[in-house]
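Summary of the model geometry
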Amino acid sequence: MTIVTRKLSLTLNDKAIGPIDVPETMMMQDFLHEYENLTGSRMGCGQGICHACTVVVEKDDGSLEEMRTCIVGAHWFEGRKVRTVEGQAKLGTDGEIVALSPVQQAFIEHFAFQCGYCTPGFVTGATVLLDKLKREPIERDAVEQTITDALDRHICRCTGYVRYFEAVRDLVLKTPGLVKA
Amino acid sequence: MKTILSRRTFLKASVAGVAIKISMLPIAARAELIETPPPPAADWLVAGGKPKYRLDAIAKVTGGKTFARDYRARDLEGWPKEQSHAFMLHATRTDRVFDGVDLALLEPDLKPDRLVLHEDLVADGVTIPVPGFYGDVFLVPKGQTARLLGQPVAMLIYHDFARFDLAKRTLRFSDNVVRYGGAGPSTTPANYGAARYVRIDGGTPDAPDRFSALKDTVIWTGFKGDDPQWPAAGDGDASARGMTAAAEIQNEIAAAGDDMLVLKRSYFSQSIDASAMEADNGNVWYDAKTGVLHAMVATQSPYEVAEVAAVMVSKSKFPLKSVDLKVGYTVGYGTKDHAIFPFYCVLAGLYGDGRPVRLANDRYEQFQTALKRHAFWMDNVMLIDRKTGQFRAMTGTYRNNGGGRENFSTSVGTVGATAAQSIYYLPKSDFSAAILASRAVDAGSMRGYGTLQTMSATEMMVDEAAELLGLDPIEFRRRNALKSGMKNTQGAIPSGAMRHEEILNKAAQHPIWSQRNARKAEFEAANPGKRYGVGYGHVHKDYGTGAESALASLEFDAKGHLKFSHVAHEIGTGATTSQTVMVGAILGKLPDETEFGKVRWPNMPLEATDQPYTMSQEDEDRHKLNPRWTPTFTSPMSASNSVYYLGHATREAANVLIELAVWPAARSIWSRGIGGGQMAPEVVRREDLRVADGTITAAAMQPLSFAEIAAEAHRLGLVTGVTVHTFNRWQWAEAEFDLDEAGHQRFAIDALAVKYGDAATPERKALMTADGWRFVDRASVSYPPTQRNNAGVTYYAPMATLVELVVDLGSGDVKLLSHHSIIECGTQVVPELVSGQIQGGLAMGIGHALKEYLPLYEDGPGDGTWNWNRYELPTAKDVAVWSQTAEVLPPLSDSDPPKGMAEVVMIAVVPAIVNAITHAIGKRFYELPVTSDKIREALA
């Protein structure tokens, strides 16, 4: 048999998953789509260029990291805590959305996206940026450049980026503790 | 005369006995949007009826299943849960014959569950639908050469994902999988067509033209080799007279003296990939037991996909009773309109052994097979009076490369030719398009649609002409800009006011322009090794296709619950949001329930011939006597058509509802009581009716809620539902209807169905035989004359862009410091959506001007190795994300309709950038994109 599988266990959107037999060569993106029916982390390039496929990985110290799932194998995530875009909003007991995350709320209020295909990646990227700023606040005059440096790797073909970036800036400025007084 | 597949014209593909059902899938997503926090209804709209966020916002921001690509069989109600997957192998050369596929790289357990070759299709009677438009074969036959690079040769189907995934990764990029035999003759089709638009005015812009396409004819011809064979000049038929007019222009240019500037320049605009983030995909389940083809496909043209799929399957050995197509939200910038990919998905489904099969391009495959933007080669000549600085004439000879399937190439070529005048009045003009076939990946519809290419060239050339004339570029444009009532190069008068001078004046006063020389000196003094430049581009872009049709429906119950249905669906532009907002603006009441992407309308039993461009006036006059006939049934989501054309159906439906329901019901309420009630002391006219704070009032009458009006309309048995069909051929069709006590009414629609309220008389209810509606046979109809097809366009939206940039003399790199755009788009329905379109279009234009490029042939995308690692898309750092600005001219009045603006927004920035580079370094460029390498070369 050509396909060699291994057991995979991880925490996905606060839920323990596995152990599941997953091919050793399978990318995380395909695991999410085909095994977990979580299609929000989108296939854009399959090369790690566009960042439409990213997810949040919560490290042991509680800090967040953005990971591409189209070029990282599913088994790299063994034992890790992963949050996809589907796990960003707070859900009620029946799975209904109770509250969007601050980043999601900012994006919808700024009309940040159009087709929305790249939106999950931007939600992930901005969420990780906010987490970083919580730990390492920046000067006000560094806000725009910091956002550009953090999110420039995300490709969007519809919006020209402006409304995404303005949404993140507004959120950074209004969230206490991200910008040095 | 050659049959022309003009933009969005399509062969009528009707199959007797095959029912077609199409529905917008993400109903759950929409329902979630409406019913989950943040609370919808009250929260969704802020003061003034403007939306707080998009209708589709929550589904999209939470990663809900919204795109066709997100769905698997398990997500689709009634489908088997087991999902099969397919991929295709592609030809990467066209000079040698295809000799089969070699799957030796695959271990036995990775062999496909089903391998499909051309010969299988022949055996099963599966043929290409609409030959010519979609080529002649799906898969390359053994022993023949591929028609185009990247053409599929085989389809491999797997009944589980893991094997599919590993097999695909194993075969990808291998040169040995597709086997070739010896050299074979080319199978690339013949060149597609050639057309010419000649105009000579009558001495003044107002006088009748001596010759024009609208008045006389578009000149069509065929080829010898790659050269169009234009008819001989003469005084016989219209084409011969047109050639005489063309010769007169050529002679005038040849004889020009020193008082004239004759400028001849050649330009090139490259092939690009639209790079829509959602790659082409579909999921098809053919249920042989029931004869139903179930499909979930990403498309901008669902009606066409369902119709053509029905034709395709019904001609084969596979029995077919119905096609059930579902569509998700999608994005394509035109490339998912009338694309062949959905029919490969149908193929996959037919060979799935009863299982749903998913065919979804990865990015390499998307580059290899998706429709491309046409490369254009453009030779322009301008004849300008040196004294007045005004155009005497302009000619343009354009060739565009359509690749190996025709698709919309002919239409793109002609639209490009008719746009070449840009914003200028030309007393004499001669623009021709030669649409060439080649072995390149096929090109088709894409945002800009030929006009990006030709208008950019004109705008670059205008700057050079201004320099040679010693005129300020904006002043030169001002002297030549089209004014209201002037004709375009087809001889048609554009709709409404031309506001170019207003835009030019604003641009001239903008600091980027007015301070450009001072800023240049200052910047360059402070930044050695860098050069500062400012450039301007100013264009206007048509919207619509010349055959735009749509359906919309509004109905309410006695409690005022309002349901809105529309053919429009969502391709990212926010159409579903803006259509909904338009209803609210007219009725003072937002729909409680929406259904988009609806294409099955049993209450509108129309008979469409779908030949709106080619039907003769005589035939049309005969057809229109049938009150159920219409030129076309519905349009795809394309050509910037949603807000104006599809919105016209929305607005007319709402206005007809006002006329037949709201106004009589309100009058009834206001007349209650002795002596004629509160209405008696006042003169209250229909035109006094207003929406105020979500209520209906008129001339100080008691404001009424929609619920009160709805109750009264149902109590009186009035009309409580309206469905309209609309048609536009650069002008709206209008029809008259006899509506009992509502009298003889004329609306800008060509078909109407109504529904009567609860208390309607039995006689009225008996009329509601069309799926519970009364289809009202029109008393008369007025369609725009067929000659108006030659107008090419009458609706334009203008936009200008100023760009401020820096060129690094060492690297040749260009960095945009800022840009400012000025647009006129009538009344903005949702300003945030307008601004989003502007920003997104600018980014796409920046990519076209500076970065994006595809070789056409063997080293191009057809080789299957292209992806975004080597095809560079603009990122935030490239677009002046923090410093760009834009302004929208206010409408002339609140009765200005909205204008389609999703395409024009990407164009002006292209020549503006090139003109700015020239200002920066003193070198002119004639080929796009202007890369760092080209700049370094120019500076060397």
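It should be emphasised that the depicted structure is a prediction, and the values quoted were computed from it without experimental measurement.

1. Side note on the overall build of chain B
Broken down by element type, chain B carries 23 helices and 37 strands. Whereas a compact globule of 940 residues would reach a radius of gyration of roughly 30 Å, chain B reaches 29 Å, a difference of no more than 12%. For chain B, the spread of C-alpha atoms along the principal axes amounts to about 90 × 80 × 65 Å. The burial tally for chain B puts 66% of its 940 residues in the buried class. Considering only intrachain contacts with a sequence separation of at least 6, the fraction spanning at least 24 residues in chain B is 78%. Distance between charge centres in chain B, computed from 98 positive and 109 negative side chains, equals 1 Å.

2. Quick word on the packing of aromatic side chains
The relation between two aromatic rings is expressed through the spacing of the ring centres and the mutual angle of the planes. All names here are of chain B. Per the stated rule, a full pass over the model turns up 43 aromatic pairs over all chains. Taking 5.6 Å as the distance between ring centres and 85° as the angle between the ring planes, the aromatic pair formed by Phe-318 and Tyr-351 counts as edge-to-face. Of the two residues, Phe-318 is situated in the loop between α7 (302-314) and β16 (322-327) and Tyr-351 in the loop between α8 (341-350) and β17 (357-360); the sequence distance between them amounts to 33 residues. Pair check on accessibility: Phe-318 and Tyr-351 agree, each one buried.

3. Examining the packing of helix α11 (residues 451-469) of chain B against helix α22 (residues 909-921) of chain B
Residue and element names in this part refer to chain B. Where α11 contacts α22, the axes come no closer than 8 Å and their chain directions differ by 35°. In the crossing of α11 with α22, the sense of the turn from one axis to the other is right-handed. Contact residues: Leu-452, Ser-456, Glu-459, Met-460 and Asp-463 in α11; Val-910, Pro-911, Val-914 and Asn-915 in α22. Of the residues contributing to the contact of α11 with α22, the split by class is five nonpolar, two polar and two charged.

4. Some thoughts on the side chain of His-33 of chain A
One can find His-33 of chain A in helix α1 (residues 28-35). With residues near it in sequence (within four places) discarded, His-33 of chain A still touches Leu-38, Thr-39, Ser-41, Arg-42 and Met-43 of chain A together with Arg-72 and Arg-74 of chain B.

5. Brief notes about the interface of chain B and chain A
With 73 residues of chain B in contact, the opposing surface of chain A contributes 58 residues. When chain B packs against chain A, the two sides together hide about 5,600 Å² of surface, and 60% of this comes from carbon and sulfur. Interface area lost by chain B to chain A is led by Val-61, Met-277 and Trp-882 of chain B, which between them contribute 15%. Viewed at the interface, chain A and chain B are joined by five salt bridges. There are 34 residue pairs in polar contact (both at pLDDT 80 or more) connecting chain B and chain A. Listed by contribution, the elements that provide at least two residues to the side of chain B that touches chain A are α3 (57-61), α5 (161-171), α9 (363-369) and α21 (831-850) of chain B. Ranked by residues supplied to the side of chain B that touches chain A, first place goes to α21 of chain B with nine residues.

6. Section: the domain arrangement of chain A
Residues and elements named next belong to chain A. Each domain of chain A was delimited in the assignment, giving domain 1 (5-87) and domain 2 (90-174). Facing 17 residues of domain 1, the contacting portion of domain 2 comprises 16 residues. Summed over both sides, the interface between domain 1 and domain 2 buries roughly 1,400 Å², with carbon and sulfur atoms accounting for 59% of that surface. Three residues stand out in domain 1 for area buried against domain 2, namely Arg-42, Glu-66 and Val-85, and they jointly supply 35% of the buried area on that side. Between domain 1 and domain 2 we count one salt bridge in total. The salt bridge involving Glu-66 is made with Arg-153; its shortest N-O contact spans 3.7 Å. Looking at the side of domain 1 that touches domain 2, the elements with two or more residues in it are β3 (55-58) and β4 (64-67). Among the elements that make up the side of domain 1 that touches domain 2, the one with the highest residue count is β4 (three residues). Looking at the side of domain 1 that touches domain 2 residue by residue, the classes come out as eight nonpolar, five polar and four charged.

7. Points about the sheet that holds strand β37 (residues 885-888) of chain B
Pairing between the strands of a sheet is mediated by backbone hydrogen bonds and can be parallel or antiparallel. All names here are of chain B. The sheet built from four strands is open, its strands ordered β21-β35-β36-β37 with mixed pairing. The two strands at the open ends of the sheet, each matched to only one other strand, are β21 (530-542) and β37. Between one strand axis and the next, the sheet turns by 15° as a mean value, whatever way the strands run. Here β21 pairs with strand β35 (residues 796-808) via 13 bridges, running antiparallel. In the sheet register, Val-534 faces β35, and the bridge partner there is Glu-804. Against the sheet, α21 touches β35, β36 (814-823) and β37, its axis set at about 140° to β36.

8. Some thoughts on helix α2 (residues 102-109) of chain A
Buried residues of α2 of chain A: Val-103, Gln-104, Ala-106, Phe-107 and Ile-108 of chain A, and no others. Looking at the buried side of α2 of chain A, the elements it contacts are α3 (119-135) and α5 (162-174) of chain A together with α3 of chain B. Just downstream of α2 of chain A lies Phe-111 of chain A, where phi reads positive at about 50°.

9. Focus on the nonpolar core
The biggest cluster of nonpolar side chains holds 215 residues, and the ones touching the most others in it are Phe-107 of chain A together with Phe-138, Leu-293, Ile-913 and Ile-917 of chain B. The residue makeup of this core includes at least three contributed by each of domain 1 (5-87) and domain 2 (90-174) of chain A. In contact with Phe-138 of chain B, not counting residues within four places along its chain, are Leu-121, Val-126, Thr-127, Ile-128, Pro-129, Gln-151, Pro-152, Met-312, Ile-340, Phe-343, Tyr-344 and Leu-347 of chain B.

10. A closer look at the sheet that holds strand β29 (residues 719-728) of chain B
Residue and element names in this part refer to chain B. An order of β24-β23-β22-β29-β32-β33 is seen for the six strands of this open sheet, with the pairing classed as mixed. Bordering the open sheet on either side are β24 (593-595) and β33 (774-776), each of which pairs with just one other strand. In this sheet, neighbouring strand axes are inclined to one another by 15° on average, regardless of whether the strands run parallel or antiparallel. Note that β29 and strand β32 (residues 751-756) share six bridges and pair antiparallel.

11. Examining the environment of Asp-353 of chain B
Residues and elements named next belong to chain B. Considering the arrangement of structural elements, one finds Asp-353 in the loop between α8 and β17. A relative accessible area of 52% places Asp-353 in the exposed class. For the pair Asp-353 and Arg-114, spaced 239 residues apart in sequence, the C-alpha separation works out to 8.7 Å.

12. Things to note about the pattern of salt bridges
All names here are of chain B. One pass over the structure, following the stated rule, counts 75 salt bridges over all chains. Between Glu-659 and Arg-686 there is a salt bridge, with the nearest N and O atoms lying 3.1 Å from each other. Taken together, the positions of Glu-659 in helix α18 (residues 642-670) and Arg-686 in the loop between α18 and β27 (689-692) put the pair 27 residues apart, joining distant regions of the chain. What makes Glu-659 partly exposed here is its relative accessible area of 22%. By sharing partners, the salt bridges in this structure join Arg-210, Glu-248, Glu-252, Arg-392 and Lys-428 into a single network.

13. What to know about unusual backbone geometry
Each neighbour pair has its own omega, and for Gly-18 of chain A with Pro-19 of chain A the value is 5°, a cis peptide bond. With respect to the helices and strands, the residue Pro-19 of chain A is situated in strand β2 (residues 15-23). The peptide bond linking Leu-928 of chain B to Pro-929 of chain B adopts the cis configuration, its omega dihedral lying at -5°. Mapped onto the elements of the fold, Pro-929 of chain B is located in the loop between α22 and α23 (932-939). The phi dihedral of Tyr-333 of chain B is positive, around 55°, even though this residue is not glycine. You will see that Trp-730 of chain B, though not glycine, has its phi angle at about 55°, which is positive. Inspection of the secondary structure puts Trp-730 of chain B in the loop between β29 and β30 (734-738). On the accessibility criterion, Trp-730 of chain B (5% relative accessible area) is buried.

14. Side note on the confidence of the model for chain B
All names here are of chain B. Looking at chain B as a whole, the pLDDT averages 93, with 95% of positions reaching at least 70. Counting interchain partners and residues more than four positions distant, the pLDDT-below-50 stretch residues 1-16 has 54 contacts. When the criterion is pLDDT under 50, residues 23-42 qualifies, and its contacts beyond four places in sequence or with other chains add up to 55 contacts. Model confidence for the complex: the whole-complex pTM is 0.95, and ipTM, which rates the interface, is 0.98.

15. Looking at helix α10 (residues 409-419) of chain B
Counting buried positions over the eleven residues of α10 of chain B gives eleven, a clear majority of the element. Ser-409, Thr-410, Ser-411, Val-412, Gly-413, Thr-414, Val-415, Gly-416, Ala-417, Thr-418 and Ala-419 of chain B are the residues of α10 of chain B that are buried.

16. Some points on the environment of Val-415 of chain B
Residue and element names in this part refer to chain B. Tracing the backbone shows Val-415 in helix α10. In this structure Val-415 comes out as buried when scored by relative accessible area, which is 14%. Between the alpha carbons of Val-415 and Thr-451 there is a distance of 6.6 Å; along the sequence they are 36 residues apart. Contacts of Val-415, omitting those with residues within four sequence positions, involve Tyr-449, Thr-451 and Asp-542.

17. Section: the packing of helix α16 (residues 575-587) of chain B against α18 of chain B
All names here are of chain B. Put simply, α16 and α18 touch, their axes get as near as 9 Å, and they point 30° apart. What the angle tells us is that α16 and α18 run roughly parallel. Two packed elements cross with a definite hand, and for α16 against α18 that hand is right-handed. Residues Ala-575, Gln-579, Met-582, Val-583, Ile-586 and Leu-587 of α16 touch α18, and the partners they reach there are Ser-642, Val-643, Leu-646, Gly-647, Thr-650, Arg-651, Ala-654, Asn-655, Leu-657, Ile-658 and Val-662. Here the contact of α16 with α18 is built from residues that sort into eleven nonpolar, five polar and one charged.

About the thresholds
- Residues numbered from 1 in each chain as written.
- Chains lettered and ligands numbered in written order.
- Predicted model: local features only at pLDDT ≥ 70, side-chain atom pairs only at ≥ 80, totals over all residues.
- Heavy atoms only, no water.
- Helix = DSSP H or I, 4+ residues; strand = E, 2+ residues; numbered from the N terminus.
- Rg over C-alpha atoms; globule rule 2.2 N^0.38 Å.
- Buried < 20%, exposed > 50% of the residue type's maximum accessible area, 1.4 Å probe, protein only.
- Contact = heavy atoms within 4.5 Å.
- Lys, Arg positive; Asp, Glu negative; His and termini not counted.
- Charge placed at Lys NZ, Arg CZ, Asp CG, Glu CD.
- Phe/Tyr/Trp six-rings, centres within 6.5 Å; stacked < 30°, edge-to-face > 60°.
- Axes fitted to C-alpha atoms, helices over the stretch in contact; angles between N-to-C directions.
- Left-handed = near helix turned anticlockwise from the far one by under 90°.
- Nonpolar A, V, L, I, M, F, W, Y, C, P; charged D, E, K, R; others polar.
- Buried area = accessible area lost by both parts, 1.4 Å probe.
- Salt bridge = Lys/Arg side-chain N within 4 Å of Asp/Glu carboxyl O.
- Polar contact = N/O pair within 3.5 Å; in protein donor to acceptor, adjacent residues only side chain to side chain.
- Domains from an automatic or database assignment.
- Pairing = 2+ DSSP bridges.
- Core = buried A, V, L, I, M, F, W, Y, C linked by side-chain atoms within 4.5 Å.
- pLDDT = per-residue confidence, 0-100.
- Parallel < 35°, antiparallel > 145°, perpendicular 65-115°, else oblique.

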